[in-house]
Structure formats: structure tokens, C-alpha cells
Amino acid sequence: MTTSDVLRTDYQRSIAKYWDEERDPVNLRLGDVDGFYHHHYGIGEVDVSVLAGPEDARDERIIAELHRLESAQASLLLDHLGPVASTDSLLDAGSGRGGTSFLAHQRFGCRVDGVSISQTQVEFANAQAAKREVASKVRFHFRNMLETGLATGSRQGIWTNETTMYVDVFELYNEFARLLRFGGRYVNITGCYNDLTGGRSKAVSQIDERYTCSVHPRSRYFKALAENNLVPIAVVDLTAQTIPYWELRARSSVATGVEESFLAAYREGSFHYLLIAADKV
Ligand code: SAH
């Protein structure tokens, strides 16, 4: 597909440019630990011994710990995909450098397609697939997740790992409903703002500003799912489980400055880290 087929708006072009140019150590150094490159956040208990160790080894150990928590996040997402056969096909919508796709292939042995609007990311992830010798099963495409061009009913599972804040979720779930077969599963992990605290808090606005994204209210996800025959089966509030990751990251050498906004938003209750799994009916 040509660039103008994939990137339709100035907004999408600016997001693609951001990810094309992104070389943040918080993403690259963590991925270097074991070759699974994530652009999402972590969950779970922190091993605080990493903060106490000898000064020269401290930084490496913190980075490995942050990476472990990010991989744990991806594993939890995959736990919610339900049974996946090696003959099934999955879609990683907004696939970044491919970390979650490779973990999915490792677990299920099935075909995984990833789509991203960043050509640089797609090339990076395809090079990783070749290096891992899984390129016949794990493929990344320069495509827009709002219009993937993939076959109708071709997917047993689809996930979005921190990508929905870049798009209109009604449009997105319309595309996913087309791609999923009956009984297929969609899993989403995202930050969303709290309808109860009333609109976008200052901390949430800072997150939007930092990533040029638009965090959705929690309610919007459920309206968009319902409108597109996607019926929730699990909703997990991961907020308490992600706070330790952010506290550790704030004290690390790879802190980017956005840590305080996330911590403030989570602690004041204006923002949640949510997992939603839904079945296509
Ligand atoms: N899911 C990955 C990457 C998350 S970063 C991970 O967990 O590591 C956000 C990703 O969303 C980037 O790869 C960006 O290119 C992608 N993205 C944003 N808008 C998109 C769109 N309209 N279509 C496809 N990908 C998109």
C-alpha cells in the first residue's frame, strides 16, 4: 500500500512521524534485554532488591526489572485471548516493534499479523521475525488498523496493546467486527479516563500532550463494543498493578518525564489502566 493509502489525515501522518523517529532508551534498552521490544507499560510486583544492589549494576537491573513487568503485561493480555489453535490467525493492531506478536507466536504457534502506521517499526519488526526465523508465520504490515485490508472473518483473535487512544474506537471496532469470526476474541489494554471524576483531568491532558493522543473515557469503550457486536467477557482494572512499575520507572535512568503525570492520574483516580476482553457475536 502507498503512504497516502495508509495515512489519510494530517493527524495520522504526525503519529506515524513520531513513531518513525522514536528511539527512546526506555523502549530500546529494555528490548535489548531479551529481544522482545515493547512500547507499553508494565504490571505486577516490583522486586525492590534491584534498587539496593551495587551502584554499577543498579541501572541494568532496574532496566531488566522494568522489562520483566512489561512482558508480564503482554502475557496477561494473551491469557485473555482464550483458546487459540496453531491453525488460527491473530491480529496485533498497532504492533509497534512487535514484542507482543512474538510472545503470541511463541505461545500459540499460530500465524500473527501486525499492523502499524510507522514504516520504520514495520521494517524493524519484520527484521526481528527474520532473525527469529518465524517470518513465514509472523508478519508486519504498513497498514492502518482502521482499514487493514485483511480478509473478513479471518481472525480468531485481535488485540490492541495501548493503541486505541490514537483512533476513533467506533470506527476501529467496526473494522474488528468485520475481521473477527463468530466467537472470536478481542482483548484491549489501555489507559482511559474516569467518567466519574468528570472529564479530562490536568494529568490526563499532560499524557495526551506528551503522546499527541486522545485518551478516551472508560464509557466510550463499552458503547463502541456494544455497537459492534462485541460482548465483554472480562474487565480487569489493572491500575493498582501498574503503579509499582511507574514508581520504579520514575527512579530509573530511562525516565522520560511523563512518569509524574501517570502517577498523579492513577493516584487521584482520574485515569485507569484497563483490560477489556470481548467476544464477537
Ligand atoms: N502495541 C505495541 C505498540 C504500542 S505504541 C506494543 O505494545 O508494544 C502505539 C502503536 O500504535 C504504534 O506502533 C503506532 O504506529 C500504532 N498506531 C497508531 N495509530 C495507528 C493506526 N491508525 N493504525 C495502525 N497503527 C497505529
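What you are looking at is a predicted structure, and each value in this text was computed from that prediction instead of being measured.

**As for the sheet that holds strand 7 (residues 271–280)**
Okay, so step 1: The sheet built from seven strands is open, its strands ordered 3-2-1-4-5-7-6 with mixed pairing. Both edges of this open sheet fall to strand 3 (138–142) and strand 6 (230–237), since each of them pairs with a single strand only. The sheet shows a mean angle of 15° between the axes of neighbouring strands, taken without regard to direction.
Okay, so step 2: Relative to strand 4 (residues 155–161), strand 1 (residues 89–93) runs parallel, the two being bridged by three bridges. Each bridged residue has a counterpart across the sheet, and for Asp 92 the counterpart in strand 4 is Trp 159.

**A short note on the site of the ligand**
Okay, so step 1: Around the ligand lies a shell of 21 residues, among which His 39, His 40, Gly 94, Gln 121 and Met 145 are the nearest.
Okay, so step 2: Note that a nitrogen atom of the ligand is positioned 3.0 Å from one of the side-chain N or O atoms of Asn 144.
Okay, so step 3: Separating a nitrogen atom of the ligand from a backbone N or O atom of Met 145 is a distance of 2.9 Å.
Okay, so step 4: The residue makeup of the shell around the ligand, split by class, is six nonpolar, 13 polar and two charged.

**Points about the packing of aromatic side chains**
Okay, so step 1: Counted under the stated rule, the structure contains 15 aromatic pairs.
Okay, so step 2: Taking the centre distance of 5.2 Å and the plane angle of 55° together, the rings of Phe 176 and Tyr 186 count as tilted. With a gap of 10 residues between them, Phe 176 in helix 8 (residues 169–179) and Tyr 186 in strand 5 (residues 180–193) connect regions that are remote in the sequence. Across the pair, exposure class does not vary: Phe 176 and Tyr 186 are buried alike.
Okay, so step 3: Three or more aromatic residues joined by ring pairs form one cluster here, namely Tyr 41, Tyr 245, Trp 246, Phe 262, Tyr 266, Phe 271 and Tyr 273.
Okay, so step 4: A cation over an aromatic ring shows up here: Arg 132 above the ring of Phe 36, its NZ or CZ 4.2 Å from the ring centre.
Okay, so step 5: The aromatic ring of Tyr 211 is capped on one face by Arg 210, whose charged end is 4.7 Å from the ring centroid.

Conventions and cut-offs
Residues numbered from 1 in each chain as written. Predicted model: local features only at pLDDT ≥ 70, side-chain atom pairs only at ≥ 80, totals over all residues. Heavy atoms only, no water. Pairing = 2+ DSSP bridges. Helix = DSSP H or I, 4+ residues; strand = E, 2+ residues; numbered from the N terminus. Axes fitted to C-alpha atoms, helices over the stretch in contact; angles between N-to-C directions. Near = heavy atom within 4 Å. Polar contact = N/O pair within 3.5 Å; in protein donor to acceptor, adjacent residues only side chain to side chain. Nonpolar A, V, L, I, M, F, W, Y, C, P; charged D, E, K, R; others polar. Phe/Tyr/Trp six-rings, centres within 6.5 Å; stacked < 30°, edge-to-face > 60°. Buried < 20%, exposed > 50% of the residue type's maximum accessible area, 1.4 Å probe, protein only. Lys NZ or Arg CZ within 6 Å of the ring centre and 35° of its normal.

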